[in-house]
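Topology and contacts: notes
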Amino acid sequence: MSPARRSSNRRADDDPQVVAPTQLDLFPVAPVVDVLDARAIVGPRTGVEHLIRVRLRPNDAPHLVFHDRHGWYCEAHGPACRAVSLAQHEVR
C-alpha cells in the first residue's frame, strides 16, 4: 500500500496537527463590559485600581476582573480568562 493511500485512510482526530475549524456565529453578540468604581464597592482603603464586570453574553454569569498589585485577573478563572483581555481593552 502506498504512503499516500495509507494517509487518506486516517481519520482527522488521529493527527494531532489537524485543528478543527471554529464555529461561526450567525448572530454574534458583543460582550457587555461595565467599569465599576472599586473604591465604592470594595472600600476606600482598597488596593484595587480597576474593577470591571464582564458578561461574555448578555444572559451569562458575570466575570469580575480585578487590577491590583497582583496584576490583571478574573475572580473565578485567573489571568488566562478571556474576560481579562476584554477588561484591559475597555480601561485603556
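How each quantity is defined
- Residues numbered from 1 in each chain as written.
- Predicted model: local features only at pLDDT ≥ 70, side-chain atom pairs only at ≥ 80, totals over all residues.
- Heavy atoms only, no water.
- Salt bridge = Lys/Arg side-chain N within 4 Å of Asp/Glu carboxyl O.
- Helix = DSSP H or I, 4+ residues; strand = E, 2+ residues; numbered from the N terminus.
- Pairing = 2+ DSSP bridges.
- Axes fitted to C-alpha atoms, helices over the stretch in contact; angles between N-to-C directions.
- pLDDT = per-residue confidence, 0-100.
- Buried < 20%, exposed > 50% of the residue type's maximum accessible area, 1.4 Å probe, protein only.

Evaluated as defined, the whole model comprises 1 salt bridge. One salt bridge in this structure joins Asp-34 and Arg-53, with 3.4 Å as the shortest N-O distance. Placement of the pair is Asp-34 in strand 1 (residues 32–36) and Arg-53 in strand 2 (residues 50–55), with a sequence separation of 19 residues.

Let us now look at the pairing of strand 4 (residues 71–74). Direction of pairing for strand 3 (residues 63–68) relative to strand 4: antiparallel, over a ladder of 4 bridges. If you follow His-67 over to strand 4, its bridge partner there is Trp-72. Between the antiparallel neighbours strand 3 and strand 4 lie 2 residues.

Below, the discussion takes up the sheet that holds strand 2. Pairing between sheet strands relies on hydrogen bonds along the backbone, with the strands arranged either parallel or antiparallel. On the basis of which strands lie adjacent, the open sheet formed by 4 strands has the order 1-2-3-4 and antiparallel pairing. Edge strands, defined here as strands with exactly one partner in the open sheet, are strand 1 and strand 4. Averaged over all pairs of adjacent strands, the angle between strand axes in this sheet comes to 20°, irrespective of strand direction. Inspection of the sheet shows strand 1 paired to strand 2 by 5 bridges, in the antiparallel sense. Looking across to strand 2, one finds that Leu-36 is bridged to Leu-51.

Let's shift gears to the confidence of the model for the protein chain. For the protein chain, mean pLDDT is 84; residues scoring 70 or higher make up 80% of the total. Taking the mean pLDDT of every element in the protein chain, the minimum, 51, falls on helix 1 (residues 3–8) and the maximum, 96, on strand 2.

The next thing to look at is the environment of Pro-28. Relative to the helices and strands, Pro-28 resides in the loop between helix 1 and strand 1. When its relative accessible area of 64% is taken as the criterion, Pro-28 is described as exposed. With 29 residues separating them along the chain, Pro-28 and Arg-57 place their C-alpha atoms 9.4 Å apart.

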